[in-house]
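# Coordinate analysis (summary)
Listed below, chain by chain, are the residues.
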Amino acid sequence: MGGKTESLNGVKSGSTQTSMGTAQIGLKPDLFNFSLKSLKLKTKQQELLIRVSVLGLIYILAFITRLFSVLRYESMIHEFDPYFNYRTTVFLTEKGFYEFWNWFDSESWYPLGRIIGGTLYPGLMVTAAFIYWVLRFLRFAVHIREVCVLTAPFFASNTTLVAYLFGKEIWDSGAGLVAAALIAICPGYISRSVAGSYDNEGVAIFALLLTFYLFVKAVNTGSLAWALASAFGYFYMVSAWGGYVFIINLIPLYVLVLLITGRYSMRLYVAYNCMYVLGMLLAMQIRFVGFQHVQSGEHMAAMGVFFLMQVFYFLDWVKHLLSDKKLFQAFLRITVTCAIGVGALALGVGMASGYISPWTGRFYSLLDPTYAKDHIPIIASVSEHQPTAWSSFMFDFQILLFLFPAGLYFCFKRLSDATIFVVMYGLTSMYFAGVMVRLILVATPAVCLISAIAVSATIKNLTSLLRTKHKVPHGASAKGTTSAKASSKASLDQSLPFQRNGAIALLLGAFYLLSRYAIHCTWVTSEAYSSPSIVLAARGAHGGRVIFDDYREAYFWLRQNTPSDAKVMSWWDYGYQITAMGNRTVIVDNNTWNNTHIATVGRAMSSYEDEAYEIMRSLDVDYVLVVFGGVSGYSSDDINKFLWMVRIGGGVFPVIKEPDYLVNGEYRVDKGAAPKMLNCLMYKLCYYRFGELMTEYGKPPGYDRARGVEIGNKDVKLQYLEEAFTTSNWIVRIYKVKPPNNRW
Amino acid sequence: MAIENPGLRLHLLLFLVLSSSFAIFKVSSESDSDRVAELLRLQPRSGSGVIHLDDQSLRRFVTSAKSRSYSLIIFFDAVHLHDKSELHLQELRAEFDLVASAFINNNKDTPAHSKVFFCDIEFKESQSSFALFGVNTLPHVRYVGPQIQNLKDSEPMDQNDFARMAESMAQFVEVKTKVTVGPIERPPPLSKKQIGFLLALVLISAPFVVKRVIAGDTLFQDPKLWLSLAVFVYFFSVSGAMHNIIRKMPMFLADRNDPSKLIFFYQGSGMQLGAEGFAIGFLYTVVGLLLAFVTHLLIRVRNVTVQRVFMITALLVSFWAVRKVIYLDNWKTGYGVHGFWPSSWK
């Protein structure tokens with residue numbers, strides 16, 4: 001079906017494709033062609049040179065577009081989780097690998113503590129530490145923070161290379177180049193890989209795409225070496241991110257589809273078996289994953305498909321031995337029935353005996369998305385776990401969304417093992433992206449690849465239309481003539497000037513769309529995805545930029561002014577930051593492994609002060625930290641997160657009831673608020689002495705700018721706590737828990 | 001239907017008064033054990049064991065019965081409000097039924113069996129009872145203890161006791177009546193007969209399916225079907241249908257200021273209405289498929305004019321759709337996307 005697109009020789013397609021690629025980054029391809037022609041290189045060499053230089057430019061582009069965050073703010077670690085990663089990386093570089101691996105952290109989850117080595121994916125830290133050591137070895141005196149800040153952009157650049165190779169594998173080198181260019185600046189990927197976003201995903205997307213590429217390569221070639229490489233890619237992915245579960249389910253699904261559609265081959269057998277067995281053994285070396293590959297229900301699909309492969313191979317062998325067709329049919333029936341029966345029995349016994357654990361909530365909530373909302377508030381409360389609205393897709397993919405169906409169509413027109421894989425990858429990840437906003441990230445490489453196929457194939461068709469036309473009648477020199485005739489397009493049509501104009505119009509349209517894409521991506525990167533969220537920026541009244549650096553102010557205050565063994569209680573969002581920047585012990589943090597402990601904090605925050613005091617005494621809390629946006633108008637503060645504290649607290653301690661904090665189902669903080677709300681600890685700590693403050697001209701004192709209301713309880717009296725520190729914009733407020741009264 | 005003759009009307013009234021007073025007399029002459037026996041007799045009439053009361057029977061079992069050995073849990077129902085989905089009346093009623101049947105099943109042949117009875121009252125047919133209880137909002141469940149004389153003194157179930165459905169209702173009942181309700185058994189989504197039927201169907205069809213799969217001529221080996229499925233999955237995802245399902249978003253909203261107008265597009269990112277998502281998803285899909293159509297199918301059309309007309313239409317439609325989506329996106333999110341040019345160019 002795709003024969004027409006393939007009929008051209010590779011040289012022309014290569015050069016047209018590069019013109020596409022360079023259009024992305026605003027270079028003039030003619031310049032290249034011209035200067036290269038004067039150098040008298042052979043066509044093939046020219047093509048190679050152009051391809052390599054375009055790829056090099058894309059590599060650099062992917063890196064520099066992620067530096068907006070450094071330009072606009074400074075070289076710092078962003079958000080919440082990266083602070084934990086940074087802290088552990090620093091530990092790793094200072095104390096060495098074995099100390100890191102056996103690290104018991106008593107500074108978080110007080111009084112429980114946390115075994116860091118056994119509860120994290122070490123891939124990112126080890127990678128960053130390795131880069132750091134290499135740089136040190138080469139006598140570059142860098143700080144570990146700079147390495148951490150730039151790890152994600154560096155791996156994003158590497159991802160473009162993998163995308164190129166992958167595109168080349170599934171379609172042609174042109175599609176590869178386009179895919180590399182698209183993924184270099186795709187906002188869906190940039191959102192997790194700007195400089196400073198030192199998180200697992202930054203490395204993991206590279207590993208994910210690499211594993212997929214190597215696996216497809218292995219399936220295409222049937223070579224043991226590629227399969228081995230893909231097993232190691234998988235190992236790297238497992239060490240870096242919990243999203244490896246996607247790989248270990250997608251690849252078996254893909255193999256299953258190939259088996260069902262009758263595409264079973266020796267190549268597939270070699271690729272899958274090698275990748276599965278070795279990948280599994282390697283993955284068991286990660287302590288956090290351990291024996292899950294043979295024990296958890298999420299990994300059973302891979303094992304089932306592994307055994308199915310053996311059955312297929314066995315059948316093939318028997319078929320080879322048996323000449324009688326009827327006999328084989330009978331044999332087939334018996335074997336298949338037995339195999340399925342034994343498999344089901346084994347699974348049943350495993351499940352019943354508890355050897356195979358059932359699916360976890362997170363996994364289950366992907367398949368049945370309404371599950372999390374009803375059953376696991378701690379998953380449903382995280383903002384990046386919300387379902388995706390169409391505008392988020394548009395924001396992260398822009399025109400790629402228009403190209404995606406076209407790309408699907410192209411893939412179906414030229415079905416091969418590789419295109420089947422990319423279609424499956426695209427569709428499953430697209431579905432998951434619809435369930436959770438953060439999974440747009442996983443879908444991004446697939447969307448870029450499939451869209452690249454659409455772009456590349458379309459432009460190839462159009463340019464070939466243009467070229468053949470002025471070559472056929474006048475030879476190569478007749479450039480620009482409008483009287484071109486005849487077409488190589490299966491000689492369907494003889495009067496062509498109009499068609500040629502149509503092709504030009506379409507090309508211009510494509511160019512326009514792609515340039516819009518580049519503009520959109522740059523804007524989004526610069527304005528939306530480069531904010532570190534630990535330093536806030538706002539437009540002031542006169543249009544100037546106002547920077548709120550309250551978080552760091554508060555954390556450094558903690559570091560300087562509290563005893564080094566002080567325990568700080570806050571909502572779990574700020575746990576990692578307090579331990580990393582304030583260097584103090586926290587009760588709960590962003591590793592939400594113990595729901596009861598978090599619920600205890602939620603309960604304390606939503607109780608009356610005296611009840612909360614009991615809880616805080618029992619947890620040895622010395623300081624309480626709350627985030628408050630009433631003065632600055634910062635809307636993601638603790639008051640707006642408060643209902644989740646109530647829900648999570650109420651999930652474990654039924655004394656906390658959500659309706660007590662609502663008035664007719666409405667959440668309010670003004671005079672009409674529920675009495676329990678007006679007197680709970682969180683309200684008091686946020687609004688302590690706020691009633692005396694004029695926040696906005698023309699409004700009464702105690703006017704909350706984040707919620708736009710005058711607060712209901714202006715006379716907050718604290719009995720068991722005292723204000724210790726409030727930052728300059730009141731964003732972070734720290735309270736000291738008073739010691740118990742003397743009894744005499 | 002109106003009664004013309006005043007004399008007849010008077011007679012009717014007299015008759016009504018007499019008969020009702022007689023009924024009262026008859027009822028009040030009943031002993032407690034009679035009433036319990038009557039309630040036990042009424043209980044199996046409905047499948048779940050919830051006794052349906054009206055004005056008269058309520059009077060008989062509660063108001064006029066001075067000494068009662070039993071308490072009643074009354075669910076206040078209103079058939080004409082069933083279609084108001086925000087009240088969840090029907091769901092709560094089903095949960096109430098579950099509690100009732102769980103209680104009856106778990107307390108069979110114990111003294112507790114005749115201590116608590118689950119009842120319901122319908123608004124249209126027993127308006128005066130609603131007034132007696134002073135109930136004017138729904139959903140509403142009340143506990144009428146043995147000592148209650150004035151119905152308004154009976155205790156209503158708290159709003160948040162509804163929240164966790166049957167389990168919390170059972171908790172309420174247990175707290176008030178001091179009897180145990182026992183574990184609540186929910187009916188499985190598929191009954192045993194249905195499961196058996198499905199199993200039989202699968203078993204019967206299995207040989208045929210296997211044969212066709214091996215022969216390779218099922219519908220599922222047709223790439224066209226897979227293509228349309230793939231496009232559907234794509235459409236489903238990008239239109240935010242998942243968002244609508246999880247958040248239970250309506251297709252459109254009525255305008256608050258002007259109820260006759262409908263709002264189809266919601267301003268503000270992170271939220272969307274149903275129709276909005278489908279419209280956008282449709283636009284995406286149309287452009288993508290047009291591109292595929294132009295490059296793969298149109299070139300096989302022999303007629304040049306048809307080619308040209310299609311080509312131009314496709315171009316125009318795509319152009320319009322892309323513009324529309326970008327416009328809507330900018331409007332929805334409030335972002336103004338612009339390029340960054342060197343400052344010397346300004």
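The rules behind these values
- Residues numbered from 1 in each chain as written.
- Chains lettered and ligands numbered in written order.
- Predicted model: local features only at pLDDT ≥ 70, side-chain atom pairs only at ≥ 80, totals over all residues.
- Heavy atoms only, no water.
- pLDDT = per-residue confidence, 0-100.
- Helix = DSSP H or I, 4+ residues; strand = E, 2+ residues; numbered from the N terminus.
- Contact = heavy atoms within 4.5 Å.
- Buried < 20%, exposed > 50% of the residue type's maximum accessible area, 1.4 Å probe, protein only.
- Polar contact = N/O pair within 3.5 Å; in protein donor to acceptor, adjacent residues only side chain to side chain.
- Core = buried A, V, L, I, M, F, W, Y, C linked by side-chain atoms within 4.5 Å.
- Axes fitted to C-alpha atoms, helices over the stretch in contact; angles between N-to-C directions.
- Parallel < 35°, antiparallel > 145°, perpendicular 65-115°, else oblique.
- Left-handed = near helix turned anticlockwise from the far one by under 90°.
- Nonpolar A, V, L, I, M, F, W, Y, C, P; charged D, E, K, R; others polar.
- Pairing = 2+ DSSP bridges.
- Salt bridge = Lys/Arg side-chain N within 4 Å of Asp/Glu carboxyl O.
- Phe/Tyr/Trp six-rings, centres within 6.5 Å; stacked < 30°, edge-to-face > 60°.
- Buried area = accessible area lost by both parts, 1.4 Å probe.
- Patch = residues over 30% accessible without salt bridge, like charges linked within 9 Å, V, L, I, M, F, W, Y side chains within 5 Å.
- Areas by Shrake-Rupley, 256 points an atom, 1.4 Å probe, with all protein chains shown as cover.

Residue and element names in this part refer to chain B. Averaged over chain B, the pLDDT score is 76; the fraction of residues at 70 or greater is 83%. Within chain B, the lowest mean pLDDT, 54, falls on helix 1 (residues 6-28), and the highest, 87, falls on helix 9 (residues 223-238). Predicted confidence is poor over residues 24-28, with pLDDT under 50, and the contacts of this stretch with residues over four places away or in other chains come to 3 contacts. At the level of chain-chain contacts, confidence expressed as ipTM amounts to 0.77, with global pTM at 0.77.

As a further point, take the side chain of B:Thr285. Among the secondary structure elements, B:Thr285 is positioned in helix 11 (residues 274-296). On the accessibility criterion, B:Thr285 (9% relative accessible area) is buried. Sequence-distant contacts of B:Thr285, that is, excluding residues within four places in its chain, are made with A:Pro405, B:Val231, B:Tyr234 and B:Phe235.

This part takes up the environment of A:Asp172. Residues and elements named next belong to chain A. One can find aspartate 172 in the loop between helix 9 (144-170) and helix 10 (173-185). On the basis of relative accessibility, which here comes to 16%, the residue aspartate 172 falls in the buried class. Distance in space between the C-alpha atoms of aspartate 172 and lysine 44 is 15 Å, their sequence separation being 128 residues. Apart from the residues lying within four places of it in its own chain, the contact partners of aspartate 172 are Gly167, Ser456 and Lys460. Only 2.7 Å separates the side chain of aspartate 172 from the side chain of lysine 460, close enough to count as a polar contact.

Right, let's talk about the nonpolar core for a bit. Formed by 255 residues in total, the largest nonpolar core has its most connected members in A:Phe212, A:Val255, A:Tyr272, A:Tyr425, A:Tyr551 and B:Tyr284. Excluding anything up to four places from it in sequence, A:Val255 contacts A:Phe215, A:Leu268, A:Tyr272, A:Val305 and A:Met309. Counting residues in each nonpolar core, the second largest holds 50 residues, with B:Phe61, B:Tyr70, B:Ala100 and B:Ile148 among its members.

All names here are of chain A. Here helix 12 (residues 200-221) crosses helix 13 (residues 224-240) at 160°, and the two axes come no closer than 8 Å. Compared by their axis directions, helix 12 and helix 13 come out roughly antiparallel. Considering how the two elements wind past one another, helix 12 and helix 13 form a crossing that is left-handed. Split into classes, the residues belonging to the contact of helix 12 with helix 13 amount to 16 nonpolar, 5 polar and 1 charged.

Attention shifts here to the pairing of strand 3 (residues 116-122) of chain B. All names here are of chain B. With 7 of 7 residues buried, strand 3 lies mostly within the body of the structure. Judged by which residues are buried, strand 3 turns out to be covered on both faces: Val116, Phe118, Asp120 and Glu122 on one side and Phe117, Cys119 and Ile121 on the other are all buried. Pairing between strand 1 (residues 51-53) and strand 3: 3 bridges, direction parallel. Residue pairing across strands places histidine 52 opposite aspartate 120, the latter belonging to strand 3. Both strand 2 (residues 71-77) and strand 3 contribute to a ladder of 7 bridges, which runs parallel.

Attention now moves to the environment of A:Val663. Residues and elements named next belong to chain A. Following the sequence through the fold, valine 663 ends up in the loop between helix 31 (638-652) and helix 32 (675-679). In this structure, the C-alpha to C-alpha distance between valine 663 and serine 632, residues 31 residues apart in sequence, is 26 Å. If sequence neighbours within four positions are ignored, valine 663 has contacts with Arg668, Gly672, Ala673 and Ala674.

On to the sheet that holds strand 2 of chain B. Residue and element names in this part refer to chain B. The 5 strands lie next to each other as 1-3-2-4-5, forming an open sheet whose pairing is mixed. This sheet does not close on itself; its edge strands, each paired only once, are strand 1 and strand 5 (155-156). In the packing of helix 3 (residues 55-63) onto the sheet, contacts are made with strand 1, strand 2, strand 3 and strand 4 (140-144), and the angle to strand 1 comes to roughly 105°. Against the sheet, helix 4 (residues 89-106) engages strand 2, strand 3 and strand 4, with an angle of about 160° to strand 2.

Residue and element names in this part refer to chain A. Evaluated as defined, the whole model comprises 30 salt bridges over all chains. Where aspartate 172 meets lysine 460, a salt bridge forms, and the shortest distance between an N and an O atom there is 2.7 Å. You can see aspartate 172 sitting in the loop between helix 9 and helix 10 and its partner lysine 460 sitting in helix 25 (residues 440-471), a full 288 residues away along the chain. With a closest N to O distance of 3.1 Å, glutamate 609 and lysine 684 form a salt bridge. Here the residue glutamate 609 occupies a position in helix 30 (residues 609-618), and lysine 684 occupies one in helix 33 (residues 681-687), the gap between them amounting to 75 residues. The exposure class assigned to glutamate 609 is buried, which follows from its relative accessible area of 4%. Here the salt bridges share partners, and the residues they tie into one network are Arg689, Glu692, Glu723 and Arg733.

With that out of the way, let us pick up the sheet that holds strand 6 (residues 585-586) of chain A. Residues and elements named next belong to chain A. Reading across the sheet, the 5 strands line up as 6-5-7-11-10 and stay open at both edges, with mixed pairing between neighbours. Strands with a single pairing partner mark the edges of an open sheet, and in this sheet they are strand 6 and strand 10 (721-726). Relative to strand 11 (residues 732-737), strand 10 runs antiparallel, the two being bridged by 5 bridges. Looking at the pairing, glutamate 722 lines up with lysine 736 of strand 11.

Scanning the entire structure with this criterion turns up 58 aromatic pairs over all chains. Between A:Tyr688 and A:Tyr735, the aromatic rings sit 6.0 Å apart at their centres with planes inclined by 70°, giving edge-to-face as the arrangement. Here A:Tyr688, found in the loop between helix 33 and strand 8 (703-704), pairs with A:Tyr735, found in strand 11; they are 47 residues apart in sequence, far enough to count as distant. On the accessibility criterion, A:Tyr735 (0% relative accessible area) is buried. An angle of 80° between the planes, with centres 5.0 Å apart, marks the rings of B:Phe123 and B:Phe130 as edge-to-face.

Before going further, it helps to spend a moment on the interface of chain B and chain A. Counting residues at the interface gives 62 residues for chain B and 54 residues for chain A. For the pair chain B and chain A, the summed buried area comes to about 5,300 Å², and 75% of that belongs to carbon and sulfur atoms. When the area that chain B buries against chain A is broken down by residue, the three leading residues are B:Tyr234, B:Ile246 and B:His296, summing to 12%. Where chain B packs against chain A, one counts 6 residue pairs in polar contact (both at pLDDT 80 or more). If you list the elements that add at least two residues to the side of chain B that touches chain A, you get helix 9, helix 10 (241-247), helix 11 and helix 12 (304-333) of chain B. Per-element accounting of the side of chain B that touches chain A gives the leading share, 14 residues, to helix 11 of chain B. Along the lines of polarity and charge, the residues of the side of chain B that touches chain A split into 35 nonpolar, 19 polar and 8 charged.

Residues and elements named next belong to chain A. Along the chain, tyrosine 110 connects to proline 111 via a cis peptide bond; the corresponding omega equals 0°. Within the secondary structure layout, proline 111 lies in the loop between strand 1 (104-105) and strand 2 (114-115). Phi angles above zero are rare outside glycine, and tryptophan 109 is one such case at about 55°. Within the fold, tryptophan 109 resides in the loop between strand 1 and strand 2. Of the residues examined, tryptophan 109 reaches a relative accessible area of 0% and is grouped as buried. Even without glycine at this site, serine 533 takes up a positive phi of about 60°. Relative to the assigned elements, serine 533 resides in the loop between helix 26 (497-527) and strand 3 (536-539).

What follows concerns the packing of helix 6 (residues 81-95) of chain A against helix 8 (residues 123-137) of chain A. All names here are of chain A. Packing of helix 6 against helix 8 brings their axes to within 9 Å, and their N-to-C directions diverge by 50°. Classified by the interaxial angle, the pair formed by helix 6 and helix 8 is oblique. For helix 6 against helix 8, the interelement crossing comes out right-handed. Mapping the contact onto sequence places Asn85, Thr88, Thr89, Leu92 and Thr93 in helix 6 and Leu124, Met125, Val126, Ala128, Ala129, Tyr132 and Trp133 in helix 8. For the contact of helix 6 with helix 8, the class distribution of residues is 8 nonpolar, 4 polar and no charged.

A surface patch of nonpolar side chains, about 660 Å² in accessible area, is lined by A:Phe130, A:Trp133, A:Val134, A:Phe137, A:Leu138 and A:Phe140. Following the sequence through the fold, A:Phe130 ends up in helix 8.

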